[in-house]
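Residues per chain, in single letters:
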Amino acid sequence: QVELVETGGGSVQVGDSLRLSCAASGRTFGADAAAWFRQAPGKEREFVASVNWGGSFADYVDSVKGRFTISRDNAKNSVYLQMNNLKPEDTAVYYCAFGRVPVATRQESNYIYWGRGTQVTVSS
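So, how was this worked out
- Residues numbered from 1 in each chain as written.
- Predicted model: local features only at pLDDT ≥ 70, side-chain atom pairs only at ≥ 80, totals over all residues.
- Heavy atoms only, no water.
- Helix = DSSP H or I, 4+ residues; strand = E, 2+ residues; numbered from the N terminus.
- Rg over C-alpha atoms; globule rule 2.2 N^0.38 Å.
- Buried < 20%, exposed > 50% of the residue type's maximum accessible area, 1.4 Å probe, protein only.
- Contact = heavy atoms within 4.5 Å.
- Lys, Arg positive; Asp, Glu negative; His and termini not counted.
- Charge placed at Lys NZ, Arg CZ, Asp CG, Glu CD.
- Disulfide = S-S within 2.5 Å.

J.: Would you mind going over the overall build of the protein with me for this structure?
T.: Assigned secondary structure in the protein consists of zero helices and 11 strands. Along the chain direction, N to C, the helices and strands of the protein fall in the order β-β-β-β-β-β-β-β-β-β-β. Relative to the compact-globule value of 14 Å for 124 residues, the protein shows a C-alpha radius of gyration of 13 Å, a close match. Its C-alpha atoms put the protein at 40 × 25 × 25 Å along the principal axes. By residue count, 44% of the 124 residues in the protein fall in the buried class. Partitioning the contacts of the protein with sequence separation of at least 6, the portion at a separation of at least 24 is 58%. Here the protein carries 13 positive and 12 negative side-chain charges, and the mean point of each set is 3 Å from the other.

Written out as structure tokens, the structure is:
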């Protein structure tokens, strides 16, 4: 089965940038959308960004639009999240996920494979 590993999280200050990476290993389906979700302490997991199989379309939650960029490298079966101008409200555990549908869906139920998460902490 597929295993996902997220890297790149850390503790930064307001306005800093981070780049998260997620590599999938194992038997991937192939033509799948990829996404990032996040979960802050005491809150439900929320959608952050998704990208379609071909990498030609991306969808973002309004709170990160213009600051975050999702991308992928299908040859490496990896997805990335470039986070710029980070804010304290971005503090959360970030999870990557892969689905078996090619569209950039934001529905959590469409994602089959999940990583264990990487912590992002933004301090003032």
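J.: Explain the state of the cysteines to me, please; I cannot follow it from the model alone.
T.: A covalent bond between the sulfur atoms of two cysteines is what we call a disulfide. Scanning all chains against the criterion turns up one disulfide. Bridging Cys22 to Cys96, the disulfide has an S-S length of 1.9 Å. The sign of the S-S torsion, about 50 degrees, decides the handedness of the disulfide formed by Cys22 and Cys96: right-handed. Of this pair, Cys22 sits in strand 3 (residues 18-25) while Cys96 sits in strand 9 (residues 92-99), placing them 74 residues apart in sequence.

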